[in-house]
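Each chain, letter by letter, is given below.
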Amino acid sequence: MSPRKLDPETRAALVDIAAKLLAEHGAEALSTRKIAAEAGTSTMAVYTHFGSMSGLVREMVHEGFARLERQFAKVRRTDDPVADMAVLGYAYRQNAKANSHLYAVMFGGQSLAGFSLTEEDRQYGRYTLLTVIDCATRCIEAGRFRQGDPRPIAHEMWIATHGVVNLELGGYLIDPANADRCYDGMLSSLLVGAGDEQRAVTASMAASKRRRRREVEVDPEPAEAVATRR
């Protein structure tokens, strides 16, 4: 008799449900019974798919970065790499807002008994940044950024965007200093600081705004199971 196949939809549902329970109610809300009840399955499903509660939390981290990677993949590579960089930043923000329950876990922001991010988990997240590093490289090659290592530039973009996202999700950024205005101003300053000219940055930012709605969409429930990724 062949082994029973794992249901990818159940696996994906367990990840989302557990992350939402964690984000809304804290670590004490995480129990196999609650998660299974919400998913309409048995408690054994948690262990079958993830081995343990720590395994489930680890999959939340990996799934969060997988969704971010899918958002990045929607951003076109054009002959204006600075505009591409701006669209990538917008994609990062939109993904965080659409998946705020996962975002809270991705960077170890939640305290979980018996679980902490490993170096392997963090490397999984760093891998996603390769898209931004590649874009920074193209900005340098196009003469828009000064010559140098693209990795610090990509990390500065990540750090700044992450900071805005945390304040945005927390509801701290309101008019007249709303999240869009703050982010656009901060990003423009970073792009000029990387070596671009203000006039060129202004044009690229305007081009990025025309592209955002076409290329950046909310990422709904994953189409495939975490197990079938990569």
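Residues numbered from 1 in each chain as written. Predicted model: local features only at pLDDT ≥ 70, side-chain atom pairs only at ≥ 80, totals over all residues. Heavy atoms only, no water.

**Quick notes on the nonpolar core**
Buried together is how nonpolar side chains tend to be arranged in soluble globular proteins.
Then step 1. Formed by 59 residues in total, the largest nonpolar core has its most connected members in Leu-30, Ile-35, Leu-56, Met-60, Phe-145 and Leu-191.
Then step 2. Broken down by element, this core gets its largest block of residues, nine residues, from helix H5 (residues 81–98).
Then step 3. Met-60 has contacts with Val-15, Ala-18, Ala-19, Leu-22, Leu-30, Leu-102 and Val-105, leaving out every residue within four places of it along the chain. (Core = buried A, V, L, I, M, F, W, Y, C linked by side-chain atoms within 4.5 Å. Buried < 20%, exposed > 50% of the residue type's maximum accessible area, 1.4 Å probe, protein only. Helix = DSSP H or I, 4+ residues; strand = E, 2+ residues; numbered from the N terminus. Contact = heavy atoms within 4.5 Å.)

**A look at helix H10 (residues 179–193)**
Then step 1. Taking 1.5 Å of rise per residue, the 15 residues of H10 would be expected to cover 21 Å, and the 21 Å separating its terminal C-alpha atoms lies within 8% of that figure.
Then step 2. Within H10, the full set of buried residues consists of Ala-179, Tyr-183, Asp-184, Leu-187, Ser-188 and Leu-191. For H10, the angular spread of the buried residues around the axis is 150 degrees, confining them to a single face. In H10, those exposed residues whose orientation departs by more than 90 degrees from the buried face are Arg-181 and Ser-189.
Then step 3. For H10, the N-terminal cap is Asn-178; the gap from its side-chain oxygen to the backbone nitrogen of Asp-180 is 3.2 Å.
Then step 4. Just beyond H10, the residue with positive phi is Gly-195, at close to 125 degrees. (Expected span 1.5 Å × (residues − 1). Arc of directions from axis to C-beta. Polar contact = N/O pair within 3.5 Å; in protein donor to acceptor, adjacent residues only side chain to side chain.)

**Points about the packing of aromatic side chains**
Then step 1. Summed over all chains, the structure comprises four aromatic pairs.
Then step 2. On the basis of an interplanar angle of 80 degrees and a centroid distance of 5.6 Å, the ring pair of Phe-65 and Phe-107 is categorised as edge-to-face. Within this pair, whereas Phe-65 is found in helix H4 (residues 53–73), its partner Phe-107 is found in the loop between helix H6 (100–106) and helix H7 (119–128), the two being separated by 42 residues in sequence.
Then step 3. Between the aromatic rings of Tyr-103 and Phe-107, the centroid separation amounts to 5.2 Å while the plane-to-plane angle is 65 degrees, which identifies the pairing as edge-to-face.
Then step 4. Taking relative accessible area as the criterion, Tyr-103 reaches 6% and is therefore assigned buried.
Then step 5. Among the aromatic side chains, those forming a connected cluster through ring pairs are Phe-65, Tyr-92, Tyr-103, Phe-107 and Trp-158. (Phe/Tyr/Trp six-rings, centres within 6.5 Å; stacked < 30°, edge-to-face > 60°.)

**Some thoughts on the environment of Glu-59**
Then step 1. Mapped onto the elements, Glu-59 comes out in helix H4.
Then step 2. We classify Glu-59 as buried; its relative accessible area is 14%.

**Some thoughts on unusual backbone geometry**
Then step 1. The step from Asp-175 to Pro-176 runs through a cis peptide bond, and the omega angle for that step is 0 degrees.
Then step 2. With respect to the element layout, Pro-176 can be found in the loop between helix H9 (150–169) and H10.

**Re the confidence of the model for the protein**
Then step 1. Across the protein, the average pLDDT comes to 86, with 88% of residues at 70 or higher.
Then step 2. For the protein, the element scoring lowest by mean pLDDT is helix H1 (residues 8–25), at 84; helix H8 (residues 130–141) scores highest, at 98.
Then step 3. This stretch, residues 1–5, has a pLDDT under 50; its non-local contacts, to residues over four places away or in other chains, come to zero contacts.
Then step 4. A low-confidence stretch, residues 219–230 (pLDDT under 50), is modelled with 29 contacts involving residues beyond four sequence positions or located in other chains. (pLDDT = per-residue confidence, 0-100.)

**With respect to empty space enclosed by the protein**
Any empty space left between atoms is shown by rolling a water-sized probe over those atoms.
Then step 1. With the rule as written, the count across this model stands at one cavity of 30 Å³ or more.
Then step 2. Taken as a whole, the largest cavity holds about 160 Å³ of empty space.
Then step 3. Lining of the largest cavity is provided by 17 residues; of these, Phe-72, Tyr-92, Leu-129, Val-132 and Trp-158 occupy positions nearest its centre.
Then step 4. Among the residues making up the lining of the largest cavity, the classes are represented as 13 nonpolar, four polar and no charged. (1 Å grid on protein atoms, 1.4 Å probe; cavity = no way out; pocket = protein on both sides within 12 Å on 5 of 7 lines; lining within 4 Å. Points joined across faces, edges and corners; volume = space filled by probe spheres on them. Nonpolar A, V, L, I, M, F, W, Y, C, P; charged D, E, K, R; others polar.)

**So, the packing of H8 against H9**
Then step 1. With their axes 8 Å apart at the nearest point, H8 and H9 run at an angle of 120 degrees to one another. As the angle between them shows, H8 and H9 are arranged oblique. Along this stretch, H8 crosses H9, giving a crossing that reads as right-handed. Across from Val-132, Ile-133, Ala-136, Thr-137 and Ile-140 in H8, the residues of H9 making contact are Pro-150, Arg-151, Ile-153 and Ala-154.
Then step 2. Split into classes, the residues belonging to the contact of H8 with H9 amount to seven nonpolar, one polar and one charged. (Axes fitted to C-alpha atoms, helices over the stretch in contact; angles between N-to-C directions. Parallel < 35°, antiparallel > 145°, perpendicular 65-115°, else oblique. Left-handed = near helix turned anticlockwise from the far one by under 90°.)

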